[in-house]
Amino acid sequence: MAIAKYIDHTLLKADARKEDIEKLCSEAFHNGFASVCVNSCWVPLASELLAGTDVKVCTVVGFPLGAASGKAKAAEAAEAAKQGAVEIDMVMNIGMLKSGMLDDAKEDIQEVRDAVKGKTLKVIIETCLLTDEEKREACRLAAEAGADFVKTSTGFSTGGATVHDVELMKEAVAPYGLKVKASGGIRNYRDAKAMIDAGADRIGASAGIAIVKEENAEG
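Residues numbered from 1 in each chain as written. Predicted model: local features only at pLDDT ≥ 70, side-chain atom pairs only at ≥ 80, totals over all residues. Heavy atoms only, no water.

Peer 1: I would appreciate a short explanation of the pairing of strand β8 (residues 202–205) in the present structure.
Peer 2: For a regular strand, side chains alternate in direction, first toward one face of the sheet and then toward the other. With burial as the criterion, each face of β8 is covered, one bearing R202 and G204 and the other bearing I203 and A205. Two elements, strand β1 (residues 7–11) and β8, share three bridges in a ladder whose sense is parallel. Residue pairing for β8: H9 is matched across the bridge by A205. As defined by bridge partners, strand β7 (residues 179–183) adjoins β8 across three bridges and the pair is classed as parallel. If you follow S183 over to β8, its bridge partner there is G204. Regarding the hand of the β-α-β motif, the stretch spanning β7, helix α8 (residues 189–198) and β8 is right-handed. (Buried < 20%, exposed > 50% of the residue type's maximum accessible area, 1.4 Å probe, protein only. Helix = DSSP H or I, 4+ residues; strand = E, 2+ residues; numbered from the N terminus. Pairing = 2+ DSSP bridges. Right-handed = clockwise from strand over helix to strand, strands pointing away.)

What follows is the structure, encoded as structure tokens:
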């Protein structure tokens, strides 16, 4: 399957150090991962280290709660794009969605979309906090706002990716042509493959090295 090409090699811990980011980028290059996903303060370093390679630089916006204002998210995204990020994983405003403030939740995404035209935008809907109907609604809003992906989870809430959610999201975005990123709690090859088989186009994981090693061991 060559699972490495699906993986966003991720390090979003608050205490991640410069040398950790350097190691992350080196691992991503040598394993052929799709991207590195880092907090925005590390985007300049990752962009410098991965210049001239096929590994993309991804960052997170409004992370991990999604409760910042749309304008603040847009400014954060624009700055990250200016510094070299080509993929933006933003957290949608979950509270607005659950309040029935659908136009406001959609506008929140659109502000980021407008700020980073030409960049890949993934919208984290934090599935563990939503009902199935809310997940479908979140996918629709992301699609209508011009996102490229919907993503299951931040990995910092009460749960992570599940096969059920990936299947549901894939079905929900199919009419719009969006892709699905599964993220949160994916720690081995079996789980990663299950997500891909369910319809995930990208896997967000901090365990990318272990996942690739397990795939290689299986031959």
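Peer 1: In this structure, what is going on with the packing of α8 against helix α9 (residues 208–218)? I would like to understand it.
Peer 2: Running from amino to carboxyl end, α8 crosses α9 at an angle of 90°, the nearest separation of the two axes being 8 Å. The pairing of α8 with α9 is recorded here as roughly perpendicular in orientation. On α9, the residues touching Y189, R190 and A192 of α8 are I211, E214, E215 and E218. In the contact of α8 with α9, the residues fall into three nonpolar, no polar and four charged. (Axes fitted to C-alpha atoms, helices over the stretch in contact; angles between N-to-C directions. Parallel < 35°, antiparallel > 145°, perpendicular 65-115°, else oblique. Contact = heavy atoms within 4.5 Å. Nonpolar A, V, L, I, M, F, W, Y, C, P; charged D, E, K, R; others polar.)

Peer 1: Teacher, can you tell me more about unusual backbone geometry here?
Peer 2: For residues other than glycine, phi is negative in most cases, and the peptide bonds are mostly trans. Look at the link from F63 to P64: it is a cis peptide, with omega at 0°. Assignment of secondary structure puts P64 in the loop between β3 (56–61) and α3 (70–82). Located in the positive-phi region is E126, a residue other than glycine, with phi close to 50°. We classify E126 as buried; its relative accessible area is 3%.

Peer 1: Would you take a moment to explain the pattern of salt bridges for this structure?
Peer 2: Close approach of charged atoms lets side chains of opposite charge pair. In total, this model carries 26 salt bridges according to the counting rule given. In this structure, E22 and K18 form a salt bridge, with 4.0 Å as the shortest nitrogen-oxygen distance. Of this pair, E22 and K18 both sit in helix α1 (residues 18–31), four residues apart, which is roughly one turn of that helix. For E22, a relative accessible area of 34% puts it in the partly exposed group. D197 is paired through a salt bridge with K193; the nearest N and O atoms lie 3.0 Å apart. Within this pair, D197 and its partner K193 are both found in helix α8, separated by four residues, close to a single helical turn. K193 gets classed as partly exposed once you look at its relative accessible area, which sits at 30%. Salt bridges sharing common partners tie together D8, E87, D89, K122, K151, K181 and R202. (Salt bridge = Lys/Arg side-chain N within 4 Å of Asp/Glu carboxyl O.)

Peer 1: Quick question: what am I supposed to make of the side chain of E87 here?
Peer 2: For E87, the location among the structural elements is in strand β4 (residues 87–91). Taking the relative accessible area as the measure of exposure, E87 reaches 2% and is therefore buried. Side-chain polar atoms of E87 contact the side chain of R202, separated by 3.0 Å. When sequence neighbours within four positions are dropped, the list of residues in contact with E87 reads D8, S35, K56, V57, C58, T59, T120, K122 and R202. (Polar contact = N/O pair within 3.5 Å; in protein donor to acceptor, adjacent residues only side chain to side chain.)

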